[in-house]
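Survey of secondary and tertiary structure
Chain by chain, the residues run as shown.
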Amino acid sequence: MPVPLYQAKAEFFRMLGHPVRVRVLELLQSGPMPVRELLARIEIEPAALSQQLAVLRRSGIVTAAREGSTVVYTLTGGDVTQLMQAARRILTEIASGPQSCLPPVLPQPVLPQ
């Protein structure tokens, strides 16, 4: 029995739900990038980046190609770039929306020490 589309979408968005994976996708929007450059820009441990890149590869959202001793990552299609740009527009719109939509910020009580 095929997975309902809404469930597949939820799993897709869950896959995007890690800051390192989002950052990788943002960086790859400008074109293919070797792992060493991703490491330099994201500044995390190589094992942690490798784990997140594996998730993106398994999902099919990025591809990896070996060029000599270097592995270069690429977005699989322009739709990913459009998705990232749409997310940026949505978040910008939310952030610049009317402040009255936000709950009031109440002062935190000071607890005795």
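This text follows the structure it describes.
Report on the accompanying structure.

Here is what the cut-offs are and how they apply
Residues numbered from 1 in each chain as written. Predicted model: local features only at pLDDT ≥ 70, side-chain atom pairs only at ≥ 80, totals over all residues. Heavy atoms only, no water. Helix = DSSP H or I, 4+ residues; strand = E, 2+ residues; numbered from the N terminus. Buried < 20%, exposed > 50% of the residue type's maximum accessible area, 1.4 Å probe, protein only. Contact = heavy atoms within 4.5 Å. Areas by Shrake-Rupley, 256 points an atom, 1.4 Å probe, with all protein chains shown as cover. Phe/Tyr/Trp six-rings, centres within 6.5 Å; stacked < 30°, edge-to-face > 60°. Expected span 1.5 Å × (residues − 1). Arc of directions from axis to C-beta. Lys, Arg positive; Asp, Glu negative; His and termini not counted. Salt bridge = Lys/Arg side-chain N within 4 Å of Asp/Glu carboxyl O. Patch = residues over 30% accessible without salt bridge, like charges linked within 9 Å, V, L, I, M, F, W, Y side chains within 5 Å. Pairing = 2+ DSSP bridges.

Turning our eyes to something else, we now look at the overall build of the chain. When its secondary structure is counted, the chain shows five helices and three strands. The N-to-C order of helical and strand elements in the chain reads α-α-β-α-α-β-β-α. Split into buried and exposed, the 113 residues of the chain put 23% on the buried side. Counting only contacts in the chain whose residues sit at least 6 apart along the sequence, the fraction spanning at least 24 positions is 53%. Of the roughly 8,500 Å² that the chain leaves accessible, carbon and sulfur atoms contribute 59%.

Our focus in this paragraph is the packing of aromatic side chains. Pairs of aromatic rings are described using the distance from one ring centre to the other and the angle between the two planes. According to the stated counting rule, one finds one aromatic pair in the structure shown. The interplanar angle of 75° and the centroid separation of 5.6 Å between the aromatic rings of Phe12 and Phe13 together place this pair among those described as edge-to-face.

The subject of this paragraph is helix α5 (residues 78-95). Compared with the 26 Å implied by 1.5 Å per residue over 18 residues, the 26 Å span of α5 between its first and last C-alpha is a close match. Among all positions in α5, only Val80, Thr81 and Met84 are buried. Seen along its axis, α5 keeps its buried residues to an arc of 105°; they face one direction. In this structure, α5 carries Asp79, Gln82, Arg89, Ile90, Glu93 and Ile94 as exposed residues pointing more than 90 degrees from its buried face. Those residues of α5 hidden inside the fold are in contact with α2 (19-28) and β3 (70-75).

Now for the side chain of Arg21. Examined against the element boundaries, Arg21 turns out to sit in helix α2. Buried charge without a salt bridge: Arg21, with Glu11 as the nearest opposite-charge side chain at an N-O distance of 12 Å. Contacts of Arg21, omitting those with residues within four sequence positions, involve Arg14, Met15, Gln52, Val55 and Leu56.

Right, let's get into a nonpolar patch on the surface. On the surface, Ile90, Leu91 and Ile94 cluster together to form a nonpolar patch covering roughly 330 Å² of accessible area. Its location among the elements puts Ile90 in helix α5.

Direction of pairing for strand β1 (residues 33-34) relative to β3: antiparallel, over a ladder of two bridges. Note that in β3 the partner of Met33 across the bridge is Tyr73. Taken together, the six bridges between strand β2 (residues 62-67) and β3 define a ladder with antiparallel strand orientation. Bridging from a neighbouring strand, Thr63 pairs with Thr74 of β3.

Looking now at the side chain of Thr81. Turning to its location among the elements, Thr81 is positioned in helix α5. With a relative accessible area of 18%, Thr81 lands in the buried category. Not counting chain neighbours up to four residues away, the residues in contact with Thr81 comprise Gln29 and Leu75.

It is worth spelling out the pattern of salt bridges at this point. Within the structure shown, the criterion is met by two salt bridges. As a salt-bridge pair, Arg41 and Glu37 come within 3.0 Å of each other at their nearest N and O atoms. On the criterion of helical spacing, the pair formed by Arg41 and Glu37 is a turn pair, its members being four residues apart in helix α3 (residues 35-42).

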